[in-house]
Amino acid sequence: MPIARYTRVAAVLHWLVAALIVVNVTLALTADSFPESWGRPVVDLHKSIGLTVLGLVLLRLLWRLSHPPPRLPASHGRLERTGAHAAHIVLYGLMFLLPISGWLHDSAFKDAAAHPLRLFWIVPWFRIGAIERLDPATKERLHTQFFALHAWSAYALYGLVALHILGALKHQFIDREPEIQRMRLGSP
Ligand code: HEM
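Residues numbered from 1 in each chain as written. Predicted model: local features only at pLDDT ≥ 70, side-chain atom pairs only at ≥ 80, totals over all residues. Heavy atoms only, no water.

J.: Please give an account of the overall build of the chain that cites residues and values.
T.: Secondary structure summary: the chain contains five helices and two strands in total. In the chain, the succession of helices and strands from N to C terminus is α-α-α-β-β-α-α. Each of the three principal axes of the chain carries a C-alpha extent, and together these read 60 × 35 × 30 Å. Burial statistics for the chain: of 188 residues in total, 33% are counted as buried. Counting contacts in the chain only where the partners sit at least 6 residues apart, residues at least 24 apart contribute 75% of the total. Between the centroid of the 19 positive side chains of the chain and the centroid of its 12 negative side chains there is a distance of 11 Å. (Helix = DSSP H or I, 4+ residues; strand = E, 2+ residues; numbered from the N terminus. Buried < 20%, exposed > 50% of the residue type's maximum accessible area, 1.4 Å probe, protein only. Contact = heavy atoms within 4.5 Å. Lys, Arg positive; Asp, Glu negative; His and termini not counted. Charge placed at Lys NZ, Arg CZ, Asp CG, Glu CD.)

J.: Can you explain the site of the ligand? Please cite residues and give values.
T.: The full set close to the ligand counts 23 residues, and A28, H46, G102, H150 and Y158 are the nearest of them. Note that a nitrogen atom of the ligand is positioned 2.8 Å from one of the side-chain N or O atoms of H46. The contact in question runs from a nitrogen atom of the ligand to an N or O atom on the side chain of H150, over 2.8 Å. Looking at the shell around the ligand, the elements that each hand over two or more residues are α1 (8–30), α2 (36–66), α3 (78–107) and α5 (136–174). Class assignment for the residues of the shell around the ligand results in 15 nonpolar, six polar and two charged. (Near = heavy atom within 4 Å. Polar contact = N/O pair within 3.5 Å; in protein donor to acceptor, adjacent residues only side chain to side chain. Nonpolar A, V, L, I, M, F, W, Y, C, P; charged D, E, K, R; others polar.)

J.: Could you give an account of the coordination of the iron atom of the ligand, with specific residues and numbers?
T.: For the iron atom of the ligand, the full set of protein donor atoms is H46 (NE2) and H150 (NE2), and the range of their distances to it is 2.0 Å. Taking relative accessible area as the criterion, H150 reaches 16% and is therefore assigned buried. (Donors = N, O, S within 2.8 Å, 3.2 Å for Na, K, Ca; no water.)

J.: Now, about α5: what can you tell me, with residues and values included?
T.: Between its terminal C-alpha atoms α5 stretches 56 Å, which fits the 57 Å expected from 39 residues at 1.5 Å a residue. Among the residues of α5, those classed as buried are T138, K139, L142, F146, H150, A151, S153, A154, L157, L160, H171 and Q172. Among the structural elements, α1, α2, α3 and α4 (129–132) are those in contact with the buried residues of α5. One or two residues past the end of α5 sits R176, with phi positive at roughly 55 degrees. (Expected span 1.5 Å × (residues − 1).)

J.: With reference to specific residues and values, describe the side chain of H171.
T.: With respect to the secondary-structure elements, H171 resides in helix α5. The contacts of H171, once residues within four sequence positions are left out, are H76, E80, R176, E177 and E179.

Any functional reading would require information beyond the geometric quantities listed.
Listed below in C-alpha cells is the structure:
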C-alpha cells in the first residue's frame, strides 16, 4: 500500500522553516562570539530570517487548513494521536510567538529610528507603530519584557521540538512505521 504523505508544498515548507529556525537560533546564541564589527549585521540577519519565518509559517498554516494532512496510521493509540495533535498546535503557536515577540522587542528598541529595519539589507520593513510611538520609559520596560518573552518562547520551542523528534524516531525505529517518509521531499 502506498505511504500516506504530506503534499510536496507542505514538506518543502516544513523543512525550510525547520532549517531557518535552526540557523536563527544558532545566530542568536553565537552573536556575542563574532568580532564586534559583525555584531550588528548578525543581529540584522537574525531579524530578516525571523520575519521570513513568520511569513512562511503563515503560508504553512493556510496550506494546512486548505490541504488536510495524511491520516495517522491505525496503529497509533488514542493517547498518541491526542498528544501529537496537541504538540502540533503548540508548535504552530510557538512558531508564531517567537518571531512576533522578537519583532515587538525590536519595535521597542530606543534607538530604532537610527537603525531602520531592512530585510536582508534590501527591503525596507516596518516596526510595530503602536509600540514605537510609546514614551521612552514604557518602551524601555517593554523592550526588556518582550525580550524575556522571546527567550522563554525559544526555551519552550527547544523542549517541544525535542519531543516532536523523539516521537518521530519512536514511530520510525521502534514501531517500525514509515514515519519520516510521510514528510519526504522527493517523489514516492
Ligand atoms: C524564527 C524566528 C526566531 C527565532 C527562532 C529566534 C530566536 C532567538 C533566540 C534563541 C534568541 C536568544 C535569546 C537568549 O539570549 O536567550 C534571540 C534573540 C534576539 N532576537 Fe530572535 N528569534 C526569531 C525571530 C526574531 C525576529 C523576527 C526579531 C526582530 C525583528 C528578533 C530579534 C531578536 C533580537 C534583537 C535578539 C537579541 C540579539 C542580541 O542582541 O544578541 N528575533 N532570538
